[in-house]
Amino acid sequence: MVPNIKIALDDLTVNNLGVLRRINSVVLPTSYSDSWYKDSLTVGELVKLAYFNDIPVGAIRCSLETPPSHKDQTRIYIMTLAVLSPYRGYGIGRKLVDHILEQAKKMFVKEVYCHVWVENEDALTWYQHIGFEKGELVTGYYKKMTPPGDAYILRKAIE
């Protein structure tokens, strides 16, 4: 018998900010500053924590990019998306991304995009599976890596 699985998203608060920091430190190959985490408290629905049966197991943090000129469209950038490895395959990452796609629609944003390290084939495949298109290669994007790591830009148009 398969136990009931409950996946829920929650807002980021001062009280659970450490959860975001911990999930990112375990999953992601780069670290973020205290100011980045403090700023995470100001982005509203563009940051969420994911819970698997009330256990924090994932997080997403995005930013709204409004270009200075009106020639380019406002976009949402996925800065971080992390799900602890034992909890992958349950739809948690998809639920986090779907939340951001819904926010994009509400904000009349026409594109969501991210950078993915070229060596992270699982993430590249996963993003393409959920409808993102692989774009250009950015050489040396991950400057804190030794040697600096290259990244692909992945984009999803919002209709």
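Bear in mind the structure is a predicted one, so any value in this text is a computation, not a measurement.

K.L.:
Kindly report on the packing of aromatic side chains, identifying the contributing residues and their values.
P.N.:
A full pass over the atoms with the stated rule returns eight aromatic pairs. Sitting above the plane of the tyrosine 37 ring, arginine 21 keeps its charged end 4.3 Å from the centroid. For lysine 134, the ring lying beneath its charged end belongs to tyrosine 152, and the centroid distance is 4.3 Å.

K.L.:
Quick rundown of the nonpolar core? Include the residues and the values.
P.N.:
Counting 29 residues, the largest nonpolar core has Ile60, Ile76, Ile78, Ile92, Val112, Tyr127 and Phe132 as the members making the most contacts within it. Elements represented by at least two residues in this core include exactly β2 (47-52), β3 (55-65), β4 (75-83), α3 (92-106), β5 (111-117) and α4 (121-129). For this core, the element with the highest residue contribution is α3, accounting for six residues. Counting nine residues, the second largest nonpolar core, distinct from the first, contains Trp36, Tyr37, Val47 and Leu49.

K.L.:
Could you give an account of the layout of surface pockets, naming the residues involved and the relevant values?
P.N.:
Considering only enclosed or pocket space, the largest pocket measures out at about 960 Å³ in volume. Around the largest pocket, the lining comprises 33 residues; the ones closest to its centre are Leu28, Leu81, Asn120, Ala123 and Tyr127. Broken down by class, the residue content of the lining of the largest pocket amounts to 20 nonpolar, eight polar and five charged.

Conventions we followed
- Residues numbered from 1 in each chain as written.
- Predicted model: local features only at pLDDT ≥ 70, side-chain atom pairs only at ≥ 80, totals over all residues.
- Heavy atoms only, no water.
- Phe/Tyr/Trp six-rings, centres within 6.5 Å; stacked < 30°, edge-to-face > 60°.
- Lys NZ or Arg CZ within 6 Å of the ring centre and 35° of its normal.
- Core = buried A, V, L, I, M, F, W, Y, C linked by side-chain atoms within 4.5 Å.
- Buried < 20%, exposed > 50% of the residue type's maximum accessible area, 1.4 Å probe, protein only.
- Helix = DSSP H or I, 4+ residues; strand = E, 2+ residues; numbered from the N terminus.
- 1 Å grid on protein atoms, 1.4 Å probe; cavity = no way out; pocket = protein on both sides within 12 Å on 5 of 7 lines; lining within 4 Å.
- Points joined across faces, edges and corners; volume = space filled by probe spheres on them.
- Nonpolar A, V, L, I, M, F, W, Y, C, P; charged D, E, K, R; others polar.

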